[in-house]
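Topology and contacts: notes
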Amino acid sequence: MIRLACLLVLIALVIVAFVAIDPSGPNAILFSFIGMPALGAGILLFGVKRWRDGALSENRKSA
Amino acid sequence: MPKLVGEVLLLTASASDAWSAGVGNGATPLFSWPPPHRGLDWLQILPLVFAVPAAAVLLIGLVRGRLVPAVATAGIVFLPVAAYALGALLIMEDSKKVAFCGSCHVMTPIVSSLTGDGDSLAAVHYRRGLVSHEEACFVCHSGYGIWGTIDAKMAGVRHMLRTVAHDYTFPIHLAGPFDIGSCLNCHARAATFRAVVPHQDPDTQQALARGEMSCTGVCHPAGHPEEALKGPAS
């Protein structure tokens, strides 16, 4: 699960790099409709992983 | 060493004002306005500053399959969110530029028509330098005031959605009446504008204010040439 979260956020960051290098309409579309959902999904997966690992309880494990 | 310092200072001084430096080089500084960007474009660099360390953390996580929680939180949440916030700011700022609008193929012919010999209202304004050459689309299509800017950004998101869904037909047309606040923002206080008899007519003023008629099409030429609205294949 952590690998999938990392992959999704990595995809989002590659798109940010595209936008930073060439801020254009097509890259803005990628940023808004692929990058942002990928970032959101990655963070959500990470949150679920942390919650399942007991991050909110007393017995914590590493991510 | 002092010579090296002197050279660095000289380079810094000459780079700090590229526009005035053009005078000495025999260039045409008056015609090359705006001057080249001074220093680093931080709005383009800052998203990368946050994205690169985050990517390093993510690559380690991808290979190893586990991360220290604090590092994982920074690499998966905080640094990417910061990179995205700065990226969004960059897009918000750069989407005002004519080059940004022209980068989508639907708009390319319209942007190209600005520099042509046509008599469309946009081309006339652009050619005479009555609107900023960098932000001409935004100046006329954003409406007046902060709500105009917000409306323009919302319209930009709708344009992106329609582009992704291929939900558009040629010739493209403006969604709703043109906000004449953009025109009046410059013209309303001009004596030449107020002196025109049709502009003084109360009925015309009411019709314009209610959006029942537009400046273009009837009294003034169309905003953009018909051919440009038919898409890039025309």
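What you see is a predicted model, and the numbers here were worked out from it, not measured in a lab. (Residues numbered from 1 in each chain as written. Chains lettered and ligands numbered in written order. Predicted model: local features only at pLDDT ≥ 70, side-chain atom pairs only at ≥ 80, totals over all residues.)

1. Observations concerning the overall build of chain A
A tally of helices and strands in chain A yields two helices and zero strands. Since a compact globule built from 63 residues should have a radius of gyration of about 11 Å, the 15 Å found for chain A marks it as more spread out than a globular shape. Taken along its principal axes, the extent of the C-alpha atoms in chain A is 45 × 15 × 15 Å. Taken over 63 residues, chain A has a buried fraction of 41%. (Helix = DSSP H or I, 4+ residues; strand = E, 2+ residues; numbered from the N terminus. Rg over C-alpha atoms; globule rule 2.2 N^0.38 Å. Buried ≥ 20, exposed ≤ 12 C-beta atoms within 10 Å, placed from the backbone.)

2. Structural notes on the interface of chain B and chain A
At the junction of the two partners, chain B supplies 31 residues and chain A supplies 29 residues. Looking at the side of chain B that touches chain A, the elements with two or more residues in it are helix 3 (42-64), helix 4 (69-94) and helix 9 (145-165) of chain B. Ranked by residues supplied to the side of chain B that touches chain A, first place goes to helix 4 of chain B with eleven residues. Residue composition of the side of chain B that touches chain A, by class: 22 nonpolar, seven polar and two charged. (Contact = placed C-beta atoms within 7 Å. Nonpolar A, V, L, I, M, F, W, Y, C, P; charged D, E, K, R; others polar.)

3. Some words on the packing of helix 1 (residues 2-21) of chain A against helix 2 (residues 25-52) of chain A
Helix packing for two helices is described by the angle between their axes and how far apart those axes are. Residues and elements named next belong to chain A. As a packed pair, helix 1 and helix 2 sit with axes 8 Å apart at the nearest point and diverge in direction by 155°. Between helix 1 and helix 2, the crossing angle belongs to the class labelled roughly antiparallel. For the pair helix 1 and helix 2, the sense of crossing is left-handed. Across the contact of helix 1 with helix 2, the residue classes break down as 20 nonpolar, three polar and one charged. (Axes fitted to C-alpha atoms, helices over the stretch in contact; angles between N-to-C directions. Parallel < 35°, antiparallel > 145°, perpendicular 65-115°, else oblique. Left-handed = near helix turned anticlockwise from the far one by under 90°.)

4. Structural notes on the packing of helix 1 of chain A against helix 4 of chain B
Between helix 1 of chain A and helix 4 of chain B, the shortest axis-to-axis distance is 10 Å and the interhelical angle comes to 25°. In terms of axis orientation, helix 1 of chain A runs roughly parallel to helix 4 of chain B. For helix 1 of chain A against helix 4 of chain B, the interelement crossing comes out left-handed. Contact with helix 1 of chain A, carried on its side by Ala5, Cys6, Val9, Ala12, Leu13, Val16, Val19 and Ala20 of chain A, involves Ile76, Pro80, Ala83, Tyr84, Gly87, Leu90 and Ile91 of chain B of helix 4 of chain B and no other residues of that element. Tallied by class, the residues present in the contact of helix 1 of chain A with helix 4 of chain B amount to 14 nonpolar, one polar and no charged.

5. Some thoughts on the confidence of the model for chain B
Residues and elements named next belong to chain B. Across chain B, the average pLDDT comes to 83, with 87% of residues at 70 or higher. Within the model, the stretch residues 7-16 combines pLDDT values under 50 with two contacts to residues more than four positions away or in other chains. Scored by ipTM, the complex comes to 0.88, with pTM at 0.78. (pLDDT = per-residue confidence, 0-100.)

6. Remarks on the domain arrangement of chain B
For chain B, the assigned domains read domain 1 (42-94) and domain 2 (98-229). Relative placement of domain 1 of chain B and domain 2 of chain B: their C-alpha centres are 38 Å apart. (Domains from an automatic or database assignment.)

7. Section: the nonpolar core
Among soluble globular proteins, nonpolar side chains are generally buried collectively. Counting residues in hydrophobic clusters, the biggest one holds 33 residues, and the most contacted among them are Val9, Leu13 and Val16 of chain A together with Ala54 and Ala83 of chain B. Every element with two or more residues in this core is listed here: helix 1 and helix 2 of chain A together with helix 3 and helix 4 of chain B. Counting residues per element, this core draws most heavily on helix 1 of chain A, which supplies twelve residues. Counting 15 residues, the second largest nonpolar core, distinct from the first, contains Val98, Val111, Tyr126 and Cys137 of chain B. (Core = buried A, V, L, I, M, F, W, Y, C linked by C-beta atoms within 7 Å.)

8. Some points on helix 13 (residues 202-209) of chain B
Burial analysis of helix 13 of chain B places just zero of its eight residues in the buried class, a small minority of the element. Trailing helix 13 of chain B by a residue or two, Gly211 of chain B shows a phi angle of about 80°, which is positive.

9. Some details on unusual backbone geometry
All names here are of chain B. Cis rather than trans, the peptide bond between Phe170 and Pro171 has omega equal to -5°. Along the chain, Pro171 turns up in the loop between helix 9 and helix 10 (181-187). In this model, His166 sits at a positive phi of 50°, which is unusual for a non-glycine residue. Looking at the secondary structure, you find His166 in the loop between helix 9 and helix 10.

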